[in-house]
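Each chain, letter by letter, is given below.
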Amino acid sequence: MRICVAGEGAFDRWATRPAMRLGEVDSTQIEARRLADGGAPEGTVVRAEHQTRGRGRLGRDWVDERGSALLISIVLRPAVEVSRLPQLSLVAGVGVAEALAEASGLPVAVAWPNDLLIRGLKVAGILAESFTPAGAGPVVILGIGINVNQTRFAGDLTGRATSLALEAGHPFDRARLLAAVLERLEAWYRRWVAEGFGPVREAWRRGSATLGRQVAVGDGIEGIAEDLAEDGALLLRTETGALVRRVATASAP
Ligand code: BTN
């Protein structure tokens, strides 16, 4: 089935376009940024088998096992107010979680701001990096790393991460999984652009591993996650009873 948006006519879905498939690369974020600078259209997907300098949020490394993970970056040119861009990692979280849960039958939860968890362990991470070219609208490079068939995790991931294969007890076909991820991601993204954050917020709250839990959001601030605000900020009740808002910022590439 082809998805159509009123007034735009039919277009190729992201999942049906050939992804740029690379072997070893420093980071798919860097490759996607290069393509975006060259005018690549929305929905351009870069995929790698292995990254030598994979990056996560807050300057952390994202380490993969060659040929086991899904490592992708997608060029997005969202026609929305810039103030809505921080919502994008939550939009992506909902879409990717839905795809992984459907494909695996496993309970995949979203954790604020950008993690996907299975039974409390990290199975995927999302990195939204945005920039605004002169005279044009904002561009977001949406990076997604999914632990698909890894069986071991090193360093500080030991005991904190898992893979679909470890949880399900069998390996997964990464190409089929990628198609499912792109299909769900695109559907949620288009819904967010057209309808706003409301439907994403409801889905995120239903599938959240964060709400009701004690969380630390940086700068020494900790508290119980009470809710996700209408604009996507996390609402946190601290020990002193204060209600703190935290927005998941998109970083610059
Ligand atoms: C996080 O959990 O901190 C986000 C991790 C994002 C990792 C992905 S893997 C594909 C893309 N390329 C990168 O260098 N990072 C993202």
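None of these values were measured; they are calculated from a predicted model.

Draft legend 1. Molecular detail of the pairing of strand S8 (residues 121-131). Taken across its 11 residues, S8 has 10 buried, putting it largely inside the fold. Summarising the sheet, strand S7 (residues 115-118) and S8 pair through four bridges and their orientation is antiparallel. Bridge pairing links Leu 117 to Lys 122 in S8. Linking two consecutive strands that pair antiparallel, namely S7 and S8, is a turn of two residues; a positive phi of about 50° is found at Arg 119 within it. Bridge count for S8 against strand S9 (residues 139-146) is eight bridges, and the pairing is antiparallel. The residue of S9 that forms the bridge with Ser 130 is Val 140.

Draft legend 2. Examining the packing of aromatic side chains more closely. On inspection of all chains with the given rule, the structure shows one aromatic pair. With centroids separated by 5.9 Å and ring planes inclined at 45°, the aromatic side chains of Tyr 189 and Trp 192 adopt a geometry described as tilted. On the criterion of helical spacing, the pair formed by Tyr 189 and Trp 192 is a turn pair, its members being three residues apart in helix H4 (residues 174-195). With a relative accessible area of 2%, Tyr 189 lands in the buried category.

Parameters and conventions
- Residues numbered from 1 in each chain as written.
- Predicted model: local features only at pLDDT ≥ 70, side-chain atom pairs only at ≥ 80, totals over all residues.
- Heavy atoms only, no water.
- Buried < 20%, exposed > 50% of the residue type's maximum accessible area, 1.4 Å probe, protein only.
- Helix = DSSP H or I, 4+ residues; strand = E, 2+ residues; numbered from the N terminus.
- Pairing = 2+ DSSP bridges.
- Phe/Tyr/Trp six-rings, centres within 6.5 Å; stacked < 30°, edge-to-face > 60°.

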